[in-house]
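Residues per chain, in single letters:
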Amino acid sequence: MPPPEFSPLPALTRAECEFIDRYLHVVDQVGRINPARGDDTYAALRAAQALASHAAALRDALALMHRRGETRIHATTLTRALRALDGERRAARVTLPPDPPS
């Protein structure tokens with residue numbers, strides 16, 4: 001059975017790639033902290049500690065984009081990149097789970 005086909009990433013600048021990667025790291029950490037989805041305080045604590053460094057890396061990626069003159073965020077292109085990198089599933093961990101059926 002051949003491996004599944006992944007949708008190709010759109011063409012991004014190196015700074016945009018860094019922005020997307022750092023953003024997803026932050027989303028992953030916030031998802032691990034989410035009290036509606038977790039069950040282990042130690043794991044949430046570790047994620048909260050890591051969040052600060054990941055947020056700083058995200059800030060640095062955005063600052064680099066700005067310094068390079070990349071002043072616009074191309075939402076359509078970056079959304080395609082997020083989807084290709086499983087961003088929807090990863091971001092879903094940040095939200096509240098649906099109410100259980102009554």
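This structure is a prediction, so every number in the text was calculated from the model and none was measured.

Enquirer: An account of the environment of aspartate 40 is requested, with residue identities and associated values reported.
Expert: Tracing the backbone through its elements, the reader meets aspartate 40 in the loop between helix 1 (14-33) and helix 2 (41-67). As a C-alpha pair, aspartate 40 and alanine 92 span 52 residues in sequence and 19 Å in three-dimensional space. Within polar-contact distance, the side chain of aspartate 40 engages the backbone nitrogen of tyrosine 42 at 3.2 Å.

Enquirer: How would you explain the nonpolar core if you had to name every residue and give the values?
Expert: Among the nonpolar cores identified, the biggest contains nine residues, and these are Ala15, Phe19, Ile20, Leu24, Val26, Leu58, Ala61, Met65 and Leu78. Of all elements in the fold, only helix 1 and helix 2 reach the threshold of two or more residues within this core. When residues in this core are grouped by element, the largest group, five residues, is from helix 1.

Enquirer: Go over the environment of leucine 9, please, and point to the residues and values.
Expert: Counting through the fold element by element, leucine 9 comes out in the segment before helix 1. As for leucine 9 and leucine 78, which are separated by 69 residues in sequence, their C-alpha atoms are 9.3 Å apart. With residues up to four places along the chain from it excluded, the contact list for leucine 9 reads Ala81, Ala84 and Leu85.

Enquirer: Which residues make up the confidence of the model for the protein, and what are the values?
Expert: Confidence along the protein averages 91 in pLDDT terms, with 93% of residues attaining 70 or more. Per-element averaging of pLDDT across the protein places helix 3 (residues 75-84) at the bottom with 94 and helix 2 at the top with 96.

The rules we used
Residues numbered from 1 in each chain as written. Predicted model: local features only at pLDDT ≥ 70, side-chain atom pairs only at ≥ 80, totals over all residues. Heavy atoms only, no water. Helix = DSSP H or I, 4+ residues; strand = E, 2+ residues; numbered from the N terminus. Polar contact = N/O pair within 3.5 Å; in protein donor to acceptor, adjacent residues only side chain to side chain. Core = buried A, V, L, I, M, F, W, Y, C linked by side-chain atoms within 4.5 Å. Buried < 20%, exposed > 50% of the residue type's maximum accessible area, 1.4 Å probe, protein only. Contact = heavy atoms within 4.5 Å. pLDDT = per-residue confidence, 0-100.

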